[in-house]
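# Per-entry structural report
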Amino acid sequence: MAVAQAQLYTKVSSKHRGRSSSALLEPLLARGFPAHIAQKALVATGQKTIEDAAKWLHSHCNDPSLDDPIPQEYALYLCPTGRLHSRLQDFWKESKRQCGKNRAHEVFPHVTLCDFFTCEDQKVELLYDILKRVGDSFSKSFPPSISLTLHASPSYLGFFIDDSQANVLKEFAVAFSSEASALADCHVKPSLKQFHLTLAHKFYPHHQKTLEQLAKCINPGEPCQWAAALYSRDMRFVHYQRLRALFQYKPQNIDELMINAGDLIYVEPRQQREVSEGWVIGTSHRTGCRGFLPENYTEKAHESDTWVKHREYVFDTASRPFTKAEKEPSVKLNGEDHNLNASRSVTNVLSLQNAALRRGVLVMCHGERVDQVFGKLWLKQCLTADGKYYRADLNFPSSLPRRKDSMKQFECDPPLSCCGIFQSRLIGEALLDQEVTVSYVYSSPALRCVQTAQHILQGLKFNQKVKIRVEPGLFEWTKWEASRAIPNFMTVAELVEASYDIDTSYRGNFPLSSLGPSESYEDYVSRSSAVIKQIISDCPSKGRGVILIVGHGSSVASLTQALTGLPSRDSQDFAQMLRKIPSLGMCFCEEQKEKNKWQMVNPPVKTLTHGANAAFNWRNTIMED
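Scope of this entry: the structure provided in the associated data block.

Conventions and cut-offs
- Residue indices begin from 1 for each chain and proceed along its sequence in written order.
- Local features in this predicted model are restricted to residues of pLDDT 70 or higher, and side-chain atom pairs are both shown and tallied only at a pLDDT of 80 or more, whereas totals for entire chains, interfaces and linings draw on every residue.
- Derived side-chain values reflect all non-hydrogen atoms in the structure, with water molecules and hydrogen atoms excluded from consideration.
- Strand pairing follows a simple DSSP-based rule, namely that at least 2 bridges must link the two strands.
- Helical segments are the DSSP runs of H or I of at least four residues, strand segments are the runs of E of at least two, and each set is numbered from the N terminus.
- Axis definition: a line fit to C-alpha positions, over the contact stretch in the case of helices; interaxial angles, taken between N-to-C directions, run 0 to 180 degrees.
- Side-chain atoms within 4.5 Å link the members of a nonpolar core, which is a set of buried Ala, Val, Leu, Ile, Met, Phe, Trp, Tyr and Cys residues.
- Here the term buried applies to any residue with accessible area under 20% of the maximum for its type, exposed to any over 50%, and partly exposed to those in between, with areas from a 1.4 Å probe on protein chains only.
- Whether two residues touch is decided by their heavy atoms; if any such pair falls within 4.5 Å, the residues are in contact.
- Pairing of aromatic rings covers Phe, Tyr and Trp, the last through its six-membered ring, and needs centres within 6.5 Å; plane angles under 30 degrees mean stacked, over 60 mean edge-to-face, and all others mean tilted.
- In this scheme, the term charge over a ring applies when either NZ of a lysine or CZ of an arginine sits within 6 Å of the ring centre and within 35 degrees of the ring normal.
- Cavities and pockets are found on a 1 Å grid laid over the protein atoms alone: a cavity is a set of points where a 1.4 Å probe fits but cannot escape, a pocket is an open set with protein on both sides within 12 Å along at least five of seven lines, and a lining residue has an atom within 4 Å of such a point.
- Grid points are joined across faces, edges and corners, and a volume is the space filled by probe spheres set on the points.
- Any residue that is not Ala, Val, Leu, Ile, Met, Phe, Trp, Tyr, Cys, Pro, Asp, Glu, Lys or Arg is counted as polar, Gly included; the first ten are nonpolar and the last four charged.
- For the purposes of this description, domain bounds are those given by an automatic or database domain assignment.

The subject of this paragraph is the sheet that holds strand β10 (residues 290-294). Across the sheet, which stays open at both edges, the five strands sit in the order β10-β9-β8-β7-β11 with antiparallel pairing between neighbours. Each of the sheet's edge strands pairs with one partner strand only, and the pair in question is β10 and β11 (298-300). Each strand of the sheet is rotated relative to its neighbour by a mean of 45 degrees, with strand direction disregarded. Looking at chain direction, strand β7 (residues 241-245) and β11 are connected through three bridges and run antiparallel. In the sheet register, Arg-244 faces β11, and the bridge partner there is Glu-299.

Laid out in structure tokens, this is it:
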């Protein structure tokens, strides 16, 4: 990126810099800000108010790129407003809930008139004038309504615009680009391809039917005014991911980033491979500063969340007459008519689909394990000279269950920490609050997974009603076992003796002897696919009952991908993804009865987020010189 930036600096610096006549600039110059930095602040805030620009300058006082002469990139979009926009937003929300995020969710509903182009900061005001002038010249010829035809393919869903109306829009885009190129010295390319409004893009083919059903609920004849809107983005971060801060974080070290709730962060995925687990390195959109921050303080944001809206021209067609055809509330799907009832909506269809849903599968990772906190040698911290266990820290379990073989086996099969027990019970209580009915419970043979399942059932108050089925096939990818051998797990008899609610009649589909050390990634994916299919087959539907599966971080990904038909990732991407799955991280899948297919939806409970709490020695901390 450094080479590209250097080339860009040279290109921009060599251009003639004319002074803006903006009335907003003078007050900033009077406050002592250099002209080029004041211009940068105005552009970054959409040239709306002096207060916005001054606030931006204050926030970016430590921004190392403040003097960089890189301009913003601009795009001209045609955006719907009014009821049609509301219906489209409903579709955005429900399609994401039912089918997961696709490429279209990154940006709001729009038709591209002119794709992204650069413009020097001091010439942006010319773009505003051009937009107003060209808009005025097309106000009479702009279509009173825009006819939309629904088009679907295995990777695209969207509305195509009628050719005669699209030609007017293309003429508008060409007129804007011509004037912008001539007057603002911008290289603007108008969109001349099929004009369209994308609903979904780059989704999984098996989601196509669901997306089409939701799209058919959108009545393109809804009242709507269209606005030509000018947006900008920071060209340095075009290929970065965006995160949104959920909580405030105050840096503990000099290389960490200060964030407030709601802050947007730019993250370069390739830079994360050398970062410690649980952390990311990013650049704040609000301050321009860069540093490390805890990943569990953030959620994914959309690409357009960091864009700035500058100006828009609204085409007023409300007072102009509509033809009968323009009023007809119908949708064409690939050229075929589909009648709509005006009362139907995305929500109506959603309720019909929910009536057909039956079983649910909740797959989650175990709670916090002791070696996650105290390291692989945790057991040595808890043994007396004669080999008896004692609690060296309040986060160690008060006792360990009895087992016939050596206590040393706990090193390879560690229990939950006390915080892990609390986490698990808290999840169970949350499921109880949401009135989730668990019909079956499966667990990996690892002690931490059995304990997690046990304490979830206690939180649910189900521990006497539902027994835990210990399934060896749910154990994690054995390549990650540090001992290069499969742990000696506690037997079913030992678990029962330790008062765990185990289904003693259950016989696993994969015997322990079938688990080999250092299995290949392909073998692990195959095992996961086979075990989830067998679990589904062994659990007949009980109304809306949920199958709870407690496994490992790898289980959350491998089982749900196999169940929903998502393609498996390559091993490197898989390993990177697992770093982001925390204790009690979960995925929820629902079955659609009429299609006998599963889809991932939001889990029935919220996520569990908390911070680290380091060991404290009062003598070394308070009494030291």
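With that settled, consider the nonpolar core. Within soluble globular proteins, side chains that are nonpolar tend to cluster in buried spots. Leu-127, Leu-157, Phe-176 and Leu-199 are the most contacted members of the largest nonpolar core, which has 54 residues in total. Those residues in contact with Leu-199 that lie beyond four places of it in its chain are Leu-88, Phe-91, Trp-92, Asn-102, Ala-104, Leu-150, Leu-157, Gly-158, Phe-159, Ala-215 and Ile-218.

This part covers the packing of aromatic side chains. Taken as a whole and judged by the stated rule, the model has 29 aromatic pairs. Ring centres of Phe-108 and Trp-307 lie 5.9 Å apart, and the angle between their planes is 90 degrees; on these two criteria the pair is classed as edge-to-face. On the criterion of sequence distance, the pair formed by Phe-108 in the loop between α5 (82-99) and β2 (111-119) and Trp-307 in the loop between β11 and β12 (308-315) is long-range, its members being 199 residues apart. The exposure class of Trp-307 is buried, given its relative accessible area of 10%. Aromatic rings pair up to connect Tyr-77, Phe-108, Phe-116, Tyr-231 and Trp-307 into one cluster. For Arg-233, the ring lying beneath its charged end belongs to Phe-116, and the centroid distance is 3.6 Å.

With that out of the way, let us pick up the layout of surface pockets. In this model, the second largest pocket occupies a volume close to 800 Å³. Looking at the second largest pocket, it is lined by 28 residues, and the ones nearest its centre are Tyr-77, His-110, Thr-112, Asp-115 and His-196. Taken together, the elements giving at least two residues each to the lining of the second largest pocket come down to β2 and β5 (196-201). Considering each element in turn, the lining of the second largest pocket owes the most residues, four residues, to β2. Considering only residue class, the lining of the second largest pocket consists of 14 nonpolar, eight polar and six charged. The two domains that each donate at least three residues to the lining of the second largest pocket are domain 2 (72-235) and domain 3 (238-307).

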